[in-house]
Amino acid sequence: MLAALKTEDQSQLQLIEREDVDDEEDLFEAIDKLISQGINAGDVKKLQDAGIYTCNGLKMHTKKHLTGIKGLSEAKVDKICEAAEKLVNFGYITGSDALLRRKSVIRITTGSQALDELLGGGIETLAITEAFGEFRSGKTQLAHTLCVSTQLPTHMKGGNGKVAYIDTEGTFRPDRIVSIAERFGMDPGAVLDNIIYARAYTYEHQYDLLLGLAVKMSEEPFRLLIVDSVIALFRVDFTGRGELAERQQKLAQMLSRLTKIAEEFNVAVYMTNQVIADPGGGVFISDPKKPAGGHVLAHAATIRLMFRKGKGEQRVCKVFDAPNLPEAEAISFHIYVFQITPGGIADAKD
């Protein structure tokens, strides 16, 4: 199991057992702790069968949804929610407490020092980072690099955790992981073993894969969830303006689930997005494009990165939107040029 890395005589970093490092403070309360509050074990099992494995996750569901679980009456749901509130504070906290909670945020290196500085240290946990751009603009290359850098220990700007990868376009390449792991001096076999991968074929399948992550993340130390890409299957499964409203509603539910996963398990969510033509982009832009998904996706993403091709293997990244940047800076954009190398994302050479 992943926990940290140690330097061997061969100067290669090896993954070591989680038990060999200090235990982290629990960020969530397991759902089976409700039994100590007088909740029947059978009812707890029903919650787990519905994909609810933490008390934090329980409060992220409406009572209407919970009463829809077979065998749970409205009275039982009320009793379960009351018991959960005794274990976890779901009410108001002070701004100082909120600041303390922010200290649990982990920033995972992108593989490029300059891009990390632009993002305030790297890709954040407890947040959704969206990267959009044309094909071959570097979105998936960054995803592959993050698969490896997430497994670095925190003192090396990693997340010290495992990775879940949902692939909707068939672009995951384990051989790329091998070369990137070698760049970071890590054991490729161990790195690959700490990545769980699934290929999604419909938007429903994609959502079901997200629901199935709860049990894995409640039992093992995950730090990154990648969805590449988040919009592709929705554009295939819903066609025409007649289905647009339903598509956006289903997309909103998917994005809500991603937000809950990020906050429930303190993981970073990195999702890629496609672009569409923007007829209103302006006459001064030769080929105006905008991210797909509309306002629903725009509001869900915490940080939005726009990628485009540069010279050769160079790519250009613009911070399109980020809450931690002053408005003037966010409007004028931060621009950074990085490079795609055999070892993943790296700083561009002069």
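This is a predicted model, so every value here is computed, not measured.

Enquirer: Describe in detail the overall build of the chain, supporting the description with residues and values.
Expert: A tally of regular secondary structure across the chain gives 15 helices and 15 strands. Within the span of the chain, comprising 350 residues, buried residues form 48% of the whole. Here the analysis covers contacts within the chain between residues at least 6 apart in sequence; of these, 65% occur between residues at least 24 apart. For the chain, the exposed area adds up to about 17300 Å²; of that, 51% sits on carbon and sulfur atoms.

Enquirer: Describe the packing of aromatic side chains, with residues and values.
Expert: For the coordinates displayed, the defined rule picks out seven aromatic pairs. Considering the side-chain rings of Phe132 and Phe320, the 5.3 Å spacing of their centres and the 90 degrees angle between planes classify their relative orientation as edge-to-face. Placement of Phe132 in strand β5 (residues 127-133) and of Phe320 in strand β13 (residues 314-321) is noted, with a sequence separation of 188 residues between them. With a centroid separation of 6.3 Å and an interplanar angle of 10 degrees, the aromatic rings of Phe234 and Phe238 are classed as stacked. Its relative accessible area of 0% is what places Phe234 among the buried residues. Look at Phe238 and you get buried, because its relative accessible area is 8%. Cluster of aromatic residues (ring-pair linked, three or more members): Tyr165, Phe172 and Tyr197. Above the plane of the ring of Phe90 lies Lys59, whose end atom (NZ or CZ) is 5.6 Å from the centre. Here Lys309 stacks its cationic end above the ring of Phe135, 4.0 Å away from the centre of that ring.

Enquirer: Now, about the side chain of Ser229: what can you tell me, with residues and values included?
Expert: Within the element layout of this structure, Ser229 appears in the loop between β8 (222-228) and α12 (232-237). Relative accessible area serves as the criterion here: at 1%, Ser229 is assigned to the buried category. Side-chain polar atoms of Ser229 contact the backbone nitrogen of Ala232, separated by 3.3 Å. The contacts of Ser229, once residues within four sequence positions are left out, are Thr168, Glu169, Gln206, Thr272, Asn273 and Gln274.

Enquirer: So what's going on with the nonpolar core? Which residues, and what values?
Expert: Grouped together as the largest cluster of nonpolar side chains are 36 residues, with contacts concentrated most on Val148, Ile195, Ile226, Tyr270 and Phe307. Tyr203, Leu210, Leu225 and Leu258 belong to the second largest nonpolar core, which has 32 residues in total.

Enquirer: Give a description of helix α4 (residues 74-87) that names residues and reports values.
Expert: The first and last C-alpha atoms of α4 sit 20 Å apart over 14 residues, in line with the 20 Å expected at 1.5 Å per residue. Here the buried face of α4 lies against α1 (41-49), α2 (55-58) and α3 (63-67).

Enquirer: How would you explain unusual backbone geometry if you had to name every residue and give the values?
Expert: The phi torsion of most residues other than glycine is negative, and most of the peptide bonds are trans. Each neighbour pair has its own omega, and for Asp228 with Ser229 the value is -5 degrees, a cis peptide bond. For Asn160, which is not glycine, the phi dihedral falls at a positive 55 degrees. Structurally, Asn160 can be placed in the loop between α7 (139-149) and β6 (162-167). Overall, the relative accessible area of 11% leaves Asn160 in the buried class. Phi at Asn266 takes a positive value of approximately 55 degrees, unusual for a residue other than glycine. Within the secondary structure layout, Asn266 lies in the loop between α13 (244-265) and β9 (268-273). Among the residues examined, Asn266 registers a relative accessible area of 3% and is labelled buried.

Here is what the cut-offs are and how they apply
Residue numbers restart at each chain and count upward from 1, following the sequence in its written direction. The predicted origin of the model limits local features to residues at a pLDDT of at least 70 and limits the giving and counting of side-chain atom pairs to 80 or more, whereas totals for whole chains, interfaces and linings rest on all residues. Side-chain numbers come from the whole structure's heavy atoms, not from hydrogens or water. Strands are runs of DSSP state E lasting at least two residues, helices are runs of H or I lasting at least four, and both sets are numbered from the N terminus onward. Note on classification: 1.4 Å probe, protein chains only; a residue is buried when its accessible area is under 20% of the maximum for its type, exposed when over 50%, partly exposed between these limits. Throughout, a residue-residue contact means that at least one pair of heavy atoms, one from each residue, lies within 4.5 Å. The method behind every accessible area is Shrake-Rupley, applied with a 1.4 Å probe, and residues are considered shielded solely by the protein chains displayed. Between 30 and 60 degrees the pair is tilted, below 30 it is stacked and above 60 it is edge-to-face, where a pair is any two Phe, Tyr or Trp rings, Trp via its six-membered ring, whose centres lie within 6.5 Å. Ring-over charges, as used throughout, are those where CZ of Arg or NZ of Lys falls within 6 Å of the ring centre and within 35 degrees of the ring normal. Counted as a polar contact is a pair of N or O atoms within 3.5 Å, where, for protein atoms, one must be capable of donating a hydrogen and the other of accepting one, and residues adjacent in sequence contribute only when both atoms are in side chains. Grouping buried Ala, Val, Leu, Ile, Met, Phe, Trp, Tyr and Cys residues that are joined through side-chain atoms within 4.5 Å yields what is termed a nonpolar core. A helix is expected to span 1.5 Å multiplied by its residue count minus one.

So yeah, pure geometry; function would need other evidence.
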